[in-house]
Amino acid sequence: MSTKILLVEDNDYKRGRILDYISSEYPSVVVVEARSYTSGKEAIELQKFDLLLLDVSLPTYDKTPSEGGGRFRTFGGRELARKAIKAIDQVPILFITQYKSFSDKGSSYTFEELVSVLAKDCGASFKGAVFFDTSVSTWKESLSSVLDTSNNQ
C-alpha cells in the first residue's frame, strides 16, 4: 500500500519543488495538495492521510487571480495541526517553512523556538520541522528521514 500525504502549501514555487522531490525519490507516494488553511481542513475531513506536510504560515482561503486568500494566518499550519490532532488519532505531522522568524499578536519566535512550541502542541504526532532553503539540500534530507519512516510502517 502506498503512503498518502497531504501537502498544504500556498507558495507555488515551494510546493512545486517539494512535489518534484517527492515524485522523483518516492514515486509510490500519493500527494494530495491544498493551498490554504480551509482547503487543508476540508481535505483532512474527507480523506485519510499517512502524513500531513504543513506550511507554518497559510492564507485562510485558496488564492485566485481575483481573490487574495482572505486573512493571512501566521500560524495557520499550527492551527490546522491542532484541528487534525483532535480529528485523527496519532496522525504524523511534519512542518515546512522558509521563514527564519515569526511574529503574530505580539509574540515573536525564531525557527528554533517555534519548533519547540510545535513539538509541545503536537505531542507524539510531531515528526519535525523543516527549514526550506533552495540553496541547500538539508530540507530534502529532513523530509526524506520522515518519509523513509512513513514508508516502512
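Keep in mind that this is a model prediction, so the values were computed, not measured. (Residues numbered from 1 in each chain as written. Predicted model: local features only at pLDDT ≥ 70, side-chain atom pairs only at ≥ 80, totals over all residues. Heavy atoms only, no water.)

Tell me about the packing of helix H2 (residues 37-46) against helix H3 (residues 76-87), and name the residues and values.
At a minimum axis separation of 10 Å, H2 and H3 run at an interaxial angle of 20°. Relative to H3, the element H2 lies roughly parallel. The two elements H2 and H3 meet at a crossing, and its hand is right-handed. Counted together, Tyr37, Gly40, Lys41 and Ile44 of H2 and Gly76, Glu79, Leu80, Lys83 and Ala84 of H3 form the full contact between these two elements. (Axes fitted to C-alpha atoms, helices over the stretch in contact; angles between N-to-C directions. Helix = DSSP H or I, 4+ residues; strand = E, 2+ residues; numbered from the N terminus. Parallel < 35°, antiparallel > 145°, perpendicular 65-115°, else oblique. Left-handed = near helix turned anticlockwise from the far one by under 90°. Contact = heavy atoms within 4.5 Å.)

Describe the environment of phenylalanine 72, naming the residues involved and giving the relevant values.
On the secondary structure map, phenylalanine 72 appears in strand E5 (residues 72-73). For the pair phenylalanine 72 and leucine 58, spaced 14 residues apart in sequence, the C-alpha separation works out to 6.0 Å. Beyond its immediate chain neighbours, meaning those up to four positions away, phenylalanine 72 contacts Ser57, Leu58 and Pro59.

Give me the packing of H3 against helix H4 (residues 111-122): which residues, what numbers.
Where H3 meets H4, the axes come as close as 10 Å, and the angle between the chain directions of the two elements is 15°. One finds that H3 runs roughly parallel with respect to H4. In this structure, H3 meets H4 at a crossing whose hand is right-handed. Every residue of H4 that contacts H3 at Arg78, Ala81, Arg82 and Ile85 is listed here: Val117, Leu118, Asp121 and Cys122. Residue classes in the contact of H3 with H4 are distributed as five nonpolar, no polar and three charged. (Nonpolar A, V, L, I, M, F, W, Y, C, P; charged D, E, K, R; others polar.)

Which residues make up the nonpolar core, and what are the values?
Counting 24 residues, the largest nonpolar core has Leu6, Val8, Leu52, Leu54, Ile93 and Phe95 as its most contacted members. When residues of this core are traced back to their parent elements, those giving at least two are strand E1 (4-8), strand E2 (30-34), H2, strand E3 (51-55), H3, strand E6 (93-97) and H4. Membership of the second largest hydrophobic core comes to 18 residues, among which are Leu7, Val130, Leu143 and Leu147. (Core = buried A, V, L, I, M, F, W, Y, C linked by side-chain atoms within 4.5 Å. Buried < 20%, exposed > 50% of the residue type's maximum accessible area, 1.4 Å probe, protein only.)

Describe the sheet that holds strand E9 (residues 126-131), listing the residues and the values that go with them.
Here we have five strands laid out as an open sheet, ordered E2-E1-E3-E6-E9, and parallel in their pairing. In this open sheet, the two edge strands, each paired with only one partner strand, are E2 and E9. When strand polarity is set aside, the average angle formed by the axes of neighbouring strands in this sheet is 20°. When E6 meets E9, the two strands line up parallel, connected through five bridges. By the bridge assignment, isoleucine 93 is partnered in E9 with phenylalanine 126. (Pairing = 2+ DSSP bridges.)

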